[in-house]
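Fold and contact review
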Amino acid sequence: MSAQAEVLQQAFTLGFTYTRTTGLVVGRFLTALRDRKIVGIKGSDGKVIVPPMEYDPVTAEALSEFVDLPDTGVVKTWAWVKHPRGKHHLDKPFAWAQIQIDGSDIPMIHMVDAGDESKMSTGMKVKVRWAEETKGFITDIACFEPA
Amino acid sequence: MRDIAIVSFVQSDCVRDAGARNEVELIMPVVRKVLDNVGLESAQNVDFTCSGSCDYLQGAAFAFVLGVDALGAVPPIKESHVEMDAAWALYEAVLKIQSGQAESALLYGFGKSSPGELPIVLSQQLDPYYLAPLWLDTVSSAALQARAMLDSGEITEREMAEVVARSRKNAKSNPHAQLKGDVSADELLNEPTYLSPLRKHDCCPVSDGACAMVIATVEQAKKWGKPYAVLKGIDHRIESAHFGARDLTKSPSTEAAAKAAGVANGPIDIAEIYAPFSHQEIILKKALGLGDDTVINPSGGVLAGNLMMASGLSRIGEVAMRIINGECKRGVAHATSGHALQQNLVAVLEGA
């Protein structure tokens, strides 16, 4: 008499069950965010790019010269979101903005929690509002707020 | 470079929601009609087939493969796909013909955008570490660009409204358009902002639909005995993925593509420009070097109906059909891809 056949079973997780390294440039920026610091990188023309790029956008030269920067900056252009979408990180009206971090030349995009559209203007000064817990993600910057 | 003939082009209506019709059911009618126009039985009768679509719209990897069901691909055909607007499928087919591997090609593009939240779906086109996690949507990035334009004094809100008014007016003669009618710039400027500085009408609508085209060498087109327009030049260029490294108020990639495609080699009667947002038409008109004697977007353009992954090929098809119908002699068509005009393709078409 043969025993009843054993049914083979194994738990299965649908998803990417691996981790990736973000590399020497992106990784350095994200790791600095975890420590509540912002770093930029010098482009071929010496201009400071934030967030840092691995290769120069014009010359394609590999970049490596990092620059420590403050967590304050200036709004270069902005757009007011009256009706935040479900995926957006802020659940009340906010601004998207290109923010030139002080000491840098190439602006970065992030959110500004200004409360009201009338508080927004091109050229206004802003500073980082850090997330309560930082993890090495771009969202470690919860948003910027008027400085 | 061998001259290439655009022989046939068909586009579906732009509809807000195609309902229960799936992608294959959107593609089949335009493919059937575009082949019938040339007198071809099926995709077996061309040397190469290429499509443009976005798997993210369907929400599944390799979703584009389902589109092949619309072709009758048994026995097997030579087929390819670009995860881009079908204007870039045309570009691939042009390379195929130029390199002597094909004499004719069928192209199609399709997009059923209605099931998802399109601007959020397209946020995932952005770089995966700095921008995609923020869910920067396509309307927001265009609004940042519009503000930069307004701040620089290059445009006014009235000029943006005038682009929309003209689009709606021109679309009245386009049976496939979704938004059409007579509306004045004053009326439009009275509307509230939607995503400031953009008003709702500054943004293209979300549409479902498809388009298809048949191209061939001029020799093959003559054998078919069908009228055709000639593709004299085509080129595409891309700008940095880092928004801050770009001057959003200009389109250097369009300028470079226009130069390489030979836009300035003769007068341009009409231009079909893929500008999903009103201010972008103004940027692109300048980048293409077009003057006031060129008729811009006689179809109404994509502000009147925007088929994701098909609208770019449709711009080229619109110009081709107007040349074939004798409405004009020389035209330029433009397609764009990505956020805030990141990548641009320019094609120059002439009569046979």
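Residues numbered from 1 in each chain as written. Chains lettered and ligands numbered in written order. Predicted model: local features only at pLDDT ≥ 70, side-chain atom pairs only at ≥ 80, totals over all residues. Heavy atoms only, no water.

**Things to note about the sheet that holds strand β12 (residues 343–351) of chain B**
Whenever strands of a sheet pair, they do so through backbone hydrogen bonds, lying parallel or antiparallel. All names here are of chain B. Within the open sheet, the 10 strands sit side by side as β3-β2-β4-β7-β1-β8-β12-β11-β9-β10. Their pairing is mixed. The open sheet terminates on both sides in strands that have one partner only, identified here as β3 (79–82) and β10 (295–296). Two elements, strand β9 (residues 270–272) and β10, share 2 bridges in a ladder whose sense is parallel. Among the inter-strand pairings, A271 is bridged to a residue of β10, identified as I296. Contacting β1 (4–11), β2 (48–52), β3, β4 (104–112), β7 (208–217), β8 (229–238), β11 (330–337) and β12, helix α3 (residues 86–98) crosses the sheet at an angle of about 155° to β2. (Pairing = 2+ DSSP bridges. Helix = DSSP H or I, 4+ residues; strand = E, 2+ residues; numbered from the N terminus. Contact = heavy atoms within 4.5 Å. Axes fitted to C-alpha atoms, helices over the stretch in contact; angles between N-to-C directions.)

**Comments concerning the interface of chain B and chain A**
Quoted interface sizes are often the accessible area lost when the parts come together. Chain B puts 30 residues into the contact, and the matching count from chain A is 33 residues. Looking only at chain B, the three residues that lose the most surface to chain A are Y129, Y130 and L134 of chain B, adding up to 28% of its buried area. Linking chain B to chain A there are 1 salt bridge. A salt bridge links R85 of chain A to E117 of chain B; the shortest N-O distance between them is 2.9 Å. At the junction of chain B with chain A, the criterion picks out 16 residue pairs in polar contact (both at pLDDT 80 or more). Looking at the side of chain B that touches chain A residue by residue, the class counts come to 20 nonpolar, 6 polar and 4 charged. Sheet topology note: the strand β4 (residues 72–81) of chain A/strand β5 (residues 193–196) of chain B ladder contains 2 bridges and is antiparallel. Note on β5 of chain B: the bridge partner recorded for W80 of chain A is S196 of chain B. (Buried area = accessible area lost by both parts, 1.4 Å probe. Salt bridge = Lys/Arg side-chain N within 4 Å of Asp/Glu carboxyl O. Polar contact = N/O pair within 3.5 Å; in protein donor to acceptor, adjacent residues only side chain to side chain. Nonpolar A, V, L, I, M, F, W, Y, C, P; charged D, E, K, R; others polar.)

**Observations regarding the side chain of E23 of chain B**
Residue and element names in this part refer to chain B. Along the chain, the position of E23 falls in helix α1 (residues 23–38). Although E23 lies buried, it forms no salt bridge, and the closest oppositely charged side chain, K112, sits 5.9 Å away as judged by the N-O distance. If we ignore the near neighbours within four places in the chain, the residues touching E23 are Q58, F110 and K112. (Buried < 20%, exposed > 50% of the residue type's maximum accessible area, 1.4 Å probe, protein only. Lys, Arg positive; Asp, Glu negative; His and termini not counted.)

**Points about the sheet that holds strand β1 (residues 38–42) of chain A**
All names here are of chain A. Reading across the sheet, the 3 strands line up as β2-β1-β3 and stay open at both edges, with antiparallel pairing between neighbours. On the outer flanks of this sheet lie β2 (48–49) and β3 (66–69), each paired with one strand and no other. By the bridge criterion, 4 bridges tie β1 to β3 in an arrangement that is antiparallel. Paired with I41 across the strands is F66, a residue of β3.

**Section: the domain arrangement of chain B**
Residue and element names in this part refer to chain B. Annotation of chain B at the domain level lists domain 1 (4–118 + 206–230) and domain 2 (131–197 + 232–351). Its C-alpha centre places domain 1 at a distance of 22 Å from the equivalent point of domain 2. Opposite the 38 residues of domain 1 that make contact, domain 2 presents 35 residues. In total, about 2,900 Å² of surface goes out of reach between domain 1 and domain 2, with carbon and sulfur atoms giving 68% of it. It is D85, W88 and V230 that lose the most area in domain 1 upon contact with domain 2, and together they represent 23% of the buried surface on that side. Here domain 1 is connected to domain 2 by 15 residue pairs in polar contact (both at pLDDT 80 or more). The set of elements that each furnish at least two residues to the side of domain 1 that touches domain 2 consists of β1, α3, β4, β7 and β8. At 6 residues, α3 tops the list of elements feeding residues into the side of domain 1 that touches domain 2. (Domains from an automatic or database assignment.)

**Description of the nonpolar core**
Counting residues in hydrophobic clusters, the biggest one holds 74 residues, and the most contacted among them are F29, I38, W96, V112, M120 and F144 of chain A together with L198 of chain B. Once residues lying within four places of it in the same chain are set aside, the contact partners of V112 of chain A are F94, A95, A97, I99, M120, V126, F144, E145 and P146 of chain A. Core analysis: the next-biggest nonpolar cluster, separate from the first, contains 49 residues, M84, A102, Y274 and I316 of chain B among them. (Core = buried A, V, L, I, M, F, W, Y, C linked by side-chain atoms within 4.5 Å.)

**A look at helix α10 (residues 278–287) of chain B**
Residues and elements named next belong to chain B. Counting buried positions over the 10 residues of α10 gives 7, a clear majority of the element. Turning to α10, its buried residues number three or more, namely S278, H279, Q280, E281, I283, L284 and A287. Directly beyond the C-terminal end of α10, a positive phi value near 70° is found at G289.

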